[in-house]
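Residue-level listing of the chains:
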Amino acid sequence: MVILYILLGILLLIFLISLIRVQVFLLYSEDLTLSLKILFFKIKLLPQDETKKKEKKPKKEKKPNKKKKKEEEKPEKDKKEEEKKPSFLAKLKDKHGVTGLIELFRSLANIATGMLKGIFSHVVFEKLDVGIMLSGEDAATVALTYGKVCSALYPSINILASATVCRDYNISIEPVFDPEKPTEVYADIHVYLRIIFVLGAALKAGFRFLILFLKAKFKK
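Residues numbered from 1 in each chain as written. Predicted model: local features only at pLDDT ≥ 70, side-chain atom pairs only at ≥ 80, totals over all residues. Heavy atoms only, no water.

The protein chain appears in an unreviewed UniProt entry as DUF2953 domain-containing protein from Ruminococcus difficilis.

Printed below as a string of structure tokens:
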């Protein structure tokens with residue numbers, strides 16, 4: 001019975017963790033507003049209130065550290081011996097050569113990329129609204145800028161929408177043939193990610209990192 005209660009407790013904990021969302025709210029018009037929300041706690045990241053910034057306290061004079069004095073009194077030979085100790089990467093280089101070290105970095109990069117892809121596929125865009133009103137000195141300049149922006153923005157949004165879960169997105173680019181009106185950019189984004197997917201991807205990547213390092217260390 002005790003084991004059953006433990007298993008039920010673990011399942012309940014996993015279920016509760018799966019409900020936790022990390023939400024990001026971004027709003028840009030004339031100023032940028034960025035907020036982070038976890039459970040019921042909302043943290044305003046930008047803009048920061050200047051009134052809340054703490055005044056820098058005068059630095060206290062550091063008391064002479066006896067330990068540092070003792071370390072300085074150590075013979076130079078001991079210090080040189082400590083400096084000569086090879087690092088973990090240096091040992092791997094000596095053991096497997098430069099090609100082996102490069103292969104290790106390539107494997108690490110593949111694991112990290114796979115982890116990011118696994119996390120990115122669970123990112124959910126509840127709202128992705130972007131609006132741009134392009135203005136310029138003359139019609140030819142506006143038309144040229146409009147073509148460049150469309151060719152860069154629309155493919156990027158399509159890649160983002162295909163790589164994530166994008167429930168609602170609206171992209172609007174409009175040319176304004178009036179030199180007196182400035183170019184305006186508007187963005188309203190609400191995106192979230194469940195913590196359990198981050199933990200799962202991190203555990204999986206960590207296990208693969210551990211196996212990779214053990215193989216590199218003990219491989220003949």
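That was the structure; now back to the text.
Just give me the short version of unusual backbone geometry, but keep the residues and values in it.
Omega for the bond connecting leucine 46 with proline 47 falls within 30 degrees of zero, at -10°, which places this linkage in the cis form. In this fold, proline 47 is placed in the loop between strand S3 (41-46) and helix H2 (66-72). Phi is positive for leucine 39, close to 55°, though the residue is something other than glycine. Mapped onto the fold, leucine 39 is located in the loop between strand S2 (32-38) and S3. Residue leucine 39 is classed as partly exposed on the basis of its relative accessible area, which comes to 43%. (Helix = DSSP H or I, 4+ residues; strand = E, 2+ residues; numbered from the N terminus. Buried < 20%, exposed > 50% of the residue type's maximum accessible area, 1.4 Å probe, protein only.)

With reference to specific residues and values, describe the pairing of S3.
Examined bridge by bridge, S2 and S3 share five bridges and lie antiparallel to one another. Opposite isoleucine 38, over in S3, you have phenylalanine 41 as the bridge partner. Here S2 folds back onto S3, and the loop between the two strands holds two residues, one of which, leucine 39, carries a positive phi near 55°. (Pairing = 2+ DSSP bridges.)

Can you explain the side chain of aspartate 129? Please cite residues and give values.
By the secondary structure assignment, aspartate 129 is in strand S4 (residues 124-135). Salt bridges are absent for the buried aspartate 129, whose nearest opposite-charge side chain, lysine 127, sits at 4.8 Å. Beyond its immediate chain neighbours, meaning those up to four positions away, aspartate 129 contacts Tyr169, Asn170, Tyr186, Ala187 and Asp188. (Lys, Arg positive; Asp, Glu negative; His and termini not counted. Salt bridge = Lys/Arg side-chain N within 4 Å of Asp/Glu carboxyl O. Contact = heavy atoms within 4.5 Å.)

With reference to specific residues and values, describe the UniProt feature "transmembrane region" (unreviewed entry) in the protein chain.
Under the feature "transmembrane region" (unreviewed entry), the UniProt entry names residues 191-214. When the span residues 191-214 is considered, its composition is 83% helix and 17% strand, and the gap between its end C-alpha atoms is 38 Å. (UniProt positions renumbered as here; feature names shortened; annotations may be inferred.)

Give a description of the nonpolar core that names residues and reports values.
If you look at the biggest cluster of nonpolar residues, it comprises 18 residues, and the most contacted ones within it are Phe125, Leu128 and Leu153. Where this core is concerned, the elements lending two or more residues are S4, helix H5 (139-163), strand S6 (169-176) and strand S7 (184-194). In terms of residues, this core owes the most to one element, S4, which gives five residues. Grouped together as the second largest cluster of nonpolar side chains are six residues, Ile111, Ala205, Leu212 and Ala216 included. (Core = buried A, V, L, I, M, F, W, Y, C linked by side-chain atoms within 4.5 Å.)

Describe a nonpolar patch on the surface, and please don't skip the residues or the numbers.
A surface patch of nonpolar side chains, about 1,200 Å² in accessible area, is lined by Met1, Val2, Ile3, Leu4, Tyr5, Ile6, Leu7, Leu8, Ile10, Leu11 and Ile14. Classification of methionine 1 as exposed rests on a relative accessible area of 67%. (Patch = residues over 30% accessible without salt bridge, like charges linked within 9 Å, V, L, I, M, F, W, Y side chains within 5 Å. Areas by Shrake-Rupley, 256 points an atom, 1.4 Å probe, with all protein chains shown as cover.)

Go over H5 with me, naming the residues and quoting the values.
In this model, H5 (25 residues) spans 36 Å end to end at C-alpha, consistent with the 36 Å of a helix rising 1.5 Å per residue. Of the positions making up H5, those classed as buried are Val142, Cys150, Leu153, Ile157 and Ala161. Residues of H5 that are buried sit in contact with S4, strand S5 (165-166) and S6. The residue sitting at the N-terminus of H5 and contributing the capping side-chain oxygen is aspartate 138; that oxygen lies 3.3 Å from the backbone nitrogen of alanine 140. (Expected span 1.5 Å × (residues − 1). Polar contact = N/O pair within 3.5 Å; in protein donor to acceptor, adjacent residues only side chain to side chain.)

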